[in-house]
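A closer look at the structure
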Amino acid sequence: MSACVVSIGDELLRGVSTDTNSAWLASRLLEMGYRTGTFNCLPDDKATIARKLKQLANEFSIIIVSGGLGPTMDDVTRDAAAEAFYAPLELRPEVVDDIRCQFVSRGLDMPPRNRRQAEVPKGAEVMRNSIGTACGFYFPRGDKAVFFMPGVPREMKKMFDESVAPLLLEWKEGQKERQHVVTKKLAVYGIGESALEERLGDLSSTKTNPAIGFSCSPGLNTIHIIAEGDQAEELAAEMERKVRAIVGRNIVGKSGETPAEAVISRAFNKQWNIAIIDLATGGYLVSELTKSMEGEQERVLAGAEVYSPSEMNLEWGDELRKRAQKVLNERAADVALVVFHNAEEEKAPIALATDKRTRMSEVPFLRGRRDLRQRITNYALAELWAFIEA
């Protein structure tokens, strides 16, 4: 089934805020077998929104709208929905009570203006907002539907997971010809995007099934495999095998894993402890690791020390390698990572050590970069994963 995503707000079009909702929604929709055909970013203008909704309703089975459900006069999404689908707004007393309870729970009185958020188009089904005052609603239209959710990302995501996703999955199950979609994401380091596409050759096509696409993030490229149809699982798995056979050790971890998640998972499975000295990212690298830990995985980190580069004057080569071996012994760790950023030379050398071997490396492509922390972190953790894996 085809879907489209609409984000509403003048602040998005003025560049004051970034539209993160659309990408998140498209990803979640694809997981459930709905392909997003288009993104639309619209101003807080009733006529513009209503006109676009009428157009999209003729083109797409599923329309997901976020934004413009607040209490102020410039929040006109409700009014636009009422106009587009010929459904006058009506006050829902149960929604008024729900909003009032939100304020009472915070020790506040509900401002009269917030009653506006309880106005819902006639015939629309209400979706409760458990963490905010803007309720959502949707129009079921046979085998089609239009959903309206608040624009605050935290509220939108929770409402989608609690209300929208179950409905979409239920409708999907009811289809006679269910379109099954399987996606895989493989993180790759050490190979540029164009070189990666060239290496994959005829496999790198967006017009085949499975299709392959690419995206970039600091220090990494990601290969996206998208398979559709009854044999989607088998097609995606076979394509992943082919890609891994070509790209090899430059792929980090399992499908969908970040470098941090891959490091923690592999070290935990091998019952290895990691010691780290960070002289490059100001603690960002350690933070990414700890965010990826769950439960007993916390014991993977034997110790972490964070310094500014000026606090420890290390040179490339033997001195960095010796420092890695020293912290390995001091922390009784199984593997040690030392990463250092020399801003003057625009270099970020990496030293890795176990009790049997060491490895020296360097983060590439640092000149002129503004995303140094993320780039160094992703690359260093990818190197650490490959070192543990080997």
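One numbering rule holds for all chains: residues counted from 1, following each sequence as written. Residue-level local features of this predicted model are given only where pLDDT is at least 70; pairs of side-chain atoms are given and counted only at 80 or more, and the full residue set underlies all totals for whole chains, interfaces and linings. By convention in this description, side-chain values take in all heavy atoms of the structure and omit both hydrogens and water.

Focus on the sheet that holds strand β15 (residues 335-340)
Two strands pair if DSSP finds at least two bridges between them. Secondary structure elements follow DSSP: runs of H or I of four or more residues count as helices, runs of E of two or more count as strands, with numbering from the N terminus. Overall, mixed pairing links the five strands, which are arranged β14-β13-β15-β16-β17 in an open sheet. Edge positions in the open sheet fall to β14 (301-306) and β17 (358-362), since each of these has one partner strand only. Recorded for the sheet is a direction-independent mean angle of 10 degrees between the axes of neighbouring strands. Bridge analysis of strand β13 (residues 274-279) against β15 gives six bridges, and the strand direction is parallel. Its bridge partner lying in β15, D278 is registered against V339. We call two residues contacting when some pair of their heavy atoms lies within 4.5 Å. Here an angle of 0 to 180 degrees is reported between the N-to-C directions of two axes, which are lines fitted to C-alpha atoms, with helices fitted over the stretch in contact. Across the sheet, helix α11 (residues 318-330) touches β13, β14, β15, β16 (349-353) and β17, and the angle it forms with β15 is around 140 degrees.

Structural notes on α11
Working rule for helices: expected span equals 1.5 Å times residues minus one. The terminal C-alpha atoms of α11 lie 18 Å apart, and with 13 residues this matches the ideal 18 Å at 1.5 Å per residue to within 8%. Tucked inside the fold, the buried residues of α11 contact β13, β14, β15, β16 and β17. Looking at the residues trailing α11, positive phi occurs at A332, about 50 degrees.

Things to note about the sheet that holds strand β2 (residues 35-42)
Read from one edge to the other, the open sheet built from six strands follows the order β2-β1-β3-β8-β7-β6, with strand pairing classed as mixed. The sheet terminates laterally at β2 and β6 (125-127), the two strands that pair on one side only. Averaged over all neighbouring strand pairs, the angle between strand axes comes to 20 degrees, with direction disregarded. One ladder, built from seven bridges, connects strand β1 (residues 2-8) with β2; its direction is parallel. Paired with S2 across the two strands is R35, which belongs to β2.

Observations concerning the packing of helix α9 (residues 259-270) against helix α12 (residues 372-389)
α12 packs onto α9 with a crossing angle of 25 degrees between their chain directions and a minimal axis gap of 8 Å. The orientation of α9 relative to α12 falls into the category roughly parallel. Here α9 and α12 pass one another in a crossing that is left-handed. Contacts between α9 and α12 involve P259, A260, A262, V263, R266, A267 and K270 from the former and N378, L381, A382, L384, W385, I388 and E389 from the latter. Of the residues belonging to the contact of α9 with α12, the class tally is ten nonpolar, one polar and three charged. Orientation is classified from the angle alone, with under 35 degrees giving roughly parallel, over 145 giving roughly antiparallel, 65 to 115 giving roughly perpendicular, and any other angle giving oblique. With the far helix as reference, a near helix turned anticlockwise by less than a right angle produces a left-handed crossing, and one turned clockwise produces a right-handed crossing. Residue polarity follows a fixed list, in which Ala, Val, Leu, Ile, Met, Phe, Trp, Tyr, Cys and Pro are nonpolar, Asp, Glu, Lys and Arg are charged, and the others, Gly among them, are polar.

Describing the environment of I277
Counting through the fold element by element, I277 comes out in strand β13. Here the alpha-carbon distance between I277 and Y307, two residues 30 residues apart in the chain, equals 7.7 Å. Contact partners of I277, with chain neighbours within four places excluded, come to E305, Y307, R323, V327, L337, V338 and V339.

Topic: the side chain of S204
On the secondary structure map, S204 appears in the loop between α7 (193-200) and β10 (211-217). In this structure the side chain of S204 is engaged in a polar contact, spanning 3.4 Å, whose partner is the backbone oxygen of E197. Every residue in contact with S204, bar those within four places of it in the chain, is listed here: E197, I212 and F214. Two N or O atoms form a polar contact when they lie within 3.5 Å of each other; inside protein one atom must be a possible hydrogen donor and the other a possible acceptor, and for residues adjacent in sequence the pair counts only when both atoms belong to side chains.

Side note on the layout of surface pockets
Of the voids in this model, the largest pocket is the one considered here, and its volume is about 670 Å³. Those elements that provide at least two residues to the lining of the largest pocket are α2 (21-31), β2, β9 (181-188), β10 and β11 (220-228). It is α2 that contributes the most residues to the lining of the largest pocket, six residues altogether. Tallied by class, the residues present in the lining of the largest pocket amount to ten nonpolar, nine polar and four charged. Using a grid of 1 Å spacing that covers the protein atoms alone, one calls a set of points a cavity when a 1.4 Å probe fits there but cannot get out, and a pocket when the set is open and has protein on both sides within 12 Å along at least five of seven lines; lining residues are those with an atom within 4 Å of a point. Grid points are joined across faces, edges and corners, and a volume is the space filled by probe spheres set on the points.

Things to note about the pairing of strand β7 (residues 136-141)
With three bridges connecting them, β6 and β7 associate as antiparallel partners. Within the sheet, the bridge partner assigned to V126 lies in β7 and is F137. Looking at chain direction, β7 and strand β8 (residues 144-149) are connected through five bridges and run antiparallel. Each residue of the ladder has a partner; that of F137, found in β8, is F148. Linking two consecutive strands that pair antiparallel, namely β7 and β8, is a turn of two residues; a positive phi of about 70 degrees is found at G142 within it.

Structural notes on helix α8 (residues 232-247)
The end-to-end C-alpha separation of α8 is 22 Å, in line with the 22 Å expected for 16 residues at 1.5 Å each. Listed in full, the buried residues belonging to α8 are A232, A236, M239, E240, V243 and V247. Projected down its long axis, α8 carries its buried residues within an arc of 105 degrees, all on one side. Those residues of α8 that are exposed and aimed more than 90 degrees away from the buried face are R241 and A245. Against the buried residues of α8 lie β9, α7, β10, β11 and β12 (251-252). For every residue, the accessible area (1.4 Å probe, protein chains only) is compared with the maximum for its type, and the residue is labelled buried under 20%, exposed over 50%, or partly exposed between those bounds. Starting at the helix axis, one direction is taken to each C-beta atom, and the arc is that of these directions.

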